[in-house]
Amino acid sequence: MNPTDDEDEPSEVTVFVGCAHRINSDGEHCSAGSLWYGPNDNNLKIRVPIELSTRNAGEPAAILFAIQNLPRQISINFRLKSKRTIKALTTALSHYKDRDWAENEDSHLLRVIAAALRGRGTKCTFKEADTSESDQMREALELAKLGFNESTPTNLQVEIPLGYDMKGVKLKGGTQRTFYNTIRARKPIPQRLKTTIMLDITRHAAWDLSGTTPTDSQIWFSIRHADITRTTRDFLWRCLHQAYKIGEHWKDIPNYEHFAKCHHCQVDETMEHILLECDAPGQEVLWNLAQELWEMKGYAWPELSYGHVFACGLVDIRDEKGKRDEGAIRLFRILISETAHLIWKFRCTRVIERGNDPNRYFSEVELHNKWLHCINSRLRMDALLTDVKKYGSRALKIDKVQNTWSGVLMDNQNLPDTWVRQSGFLVGIPPLRPPGRN
Ligand SMILES: [Zn+2]
């Protein structure tokens, strides 16, 4: 029997929603949540995907999971700790809707919940847990903390069923920039269209790098490639969704309008500006290093456009015999994705942690050495992951690692063939010494 047809199914359920938050070693928000129905019940812990994590995302994520997974004929009474979430989902709902949700950092989750509630039919209520319910609330909060230990993020359906047809916009003629600016000039841009624009920019760049035009799912798959580290995959994913709060996000928010501009260059701040154009010390030094290492591999460095960053996983590189150079392809993917992510991290440190203070900008030596450290760490990780004893069938093939890094290592000529098994190997760019030291 279909469980949703079961006559014994309760018509109403009360669930306590817990949430927890912490900052990970990359300085990113991590959220977890829980749904606590009662002792001995099928209580659930939720690990929120990093791209949706904020200080408070645990609660809306858990609510969304319940709305999407409990049988539709059941009314749900949510008990929460945060007045903020209750307000966002009840009295403030139309306020946020009118402002395209720009004022709430969990806007995407709240939008999906609002859509899911409309589709559900049965009643859902949201109330603060009262004092007689403090034990249950405590259980829910304790359970939420365990959500961080879940090995994979909870699968939340965060696509909004549109109900209207949003046709893709194709790049035809004109440069990427004019296209992008024209689109950006229309406000407000629905989230889905923003993603469509980014996918088209990426498709255009992929044509440049490989001579083929990938489908949307090929693009999504390519940025989830195992060669790209997990935090960098999340970074690319969020960029493709234009999910970072930069530039135009701040334009209509009173008292925050100045956040819309790059403080150093005094132009509208976009991710493209940050990654490829900004004059503050950062992007130029890092891309020059990536180019220097890449050229050791014996290939020309492409003139980078914004789309190339997201199309890096789709590149096709052929050796002089016309054979696909898998090692070079893998190195390109690593260099572009890691360098772009590092530029973003440096920008965040400069703007957020260091308050745009020019006296605290990164020096060229720091930038050089931090980039080198990042790439050398990737190289070391690659070598460690070839350990079959430790990683079994998940171990990387030694050939693959050697093909990736051959030609770009320090003292490349004199390295033994078995360098992967040894220690002390580094990429072929030496660190810089801080001024004043010998
Ligand atoms: Zn700038």
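Residues numbered from 1 in each chain as written. Predicted model: local features only at pLDDT ≥ 70, side-chain atom pairs only at ≥ 80, totals over all residues.

**Q** Would you take a moment to explain unusual backbone geometry for this structure?
**A** Residues other than glycine predominantly adopt negative phi, and peptide bonds predominantly adopt the trans conformation. The phi angle at Gln 242 is positive, at roughly 50 degrees, despite the residue not being glycine. Turning to its location among the elements, Gln 242 is positioned in the loop between helix H9 (230–240) and helix H10 (271–277). On the basis of neighbour count, Gln 242 is assigned to the buried category, with 20 C-beta atoms found within 10 Å. The residue Asn 356 is not glycine, and still its phi comes out positive at about 60 degrees. Tracing the chain through its elements places Asn 356 in the loop between helix H13 (326–353) and helix H14 (364–384). (Helix = DSSP H or I, 4+ residues; strand = E, 2+ residues; numbered from the N terminus. Buried ≥ 20, exposed ≤ 12 C-beta atoms within 10 Å, placed from the backbone.)

**Q** What should I look at first to understand the sheet that holds strand S5 (residues 124–128) in this one?
**A** One open sheet accounts for five strands, arranged S3-S2-S1-S4-S5; its pairing is mixed. In the strand order of this sheet, the two ends are held by strand S3 (44–47) and S5, each with one partner. Averaged over all adjacent pairs, the angle separating strand axes in this sheet is 25 degrees, with direction ignored. Here strand S2 (residues 29–36) runs beside S3; their pairing, made up of four bridges, is antiparallel. Bridging across to S3, Leu 35 finds its partner in Leu 44. Relative to the sheet, helix H1 (residues 58–69) contacts strand S1 (12–23), S2, S3, strand S4 (75–80) and S5, its axis offset from that of S2 by approximately 45 degrees. The sheet contacts of helix H5 (residues 134–146) involve S1, S2, S3 and S4, and relative to S1 the element is tilted by about 45 degrees. (Pairing = 2+ DSSP bridges. Axes fitted to C-alpha atoms, helices over the stretch in contact; angles between N-to-C directions. Contact = placed C-beta atoms within 7 Å.)

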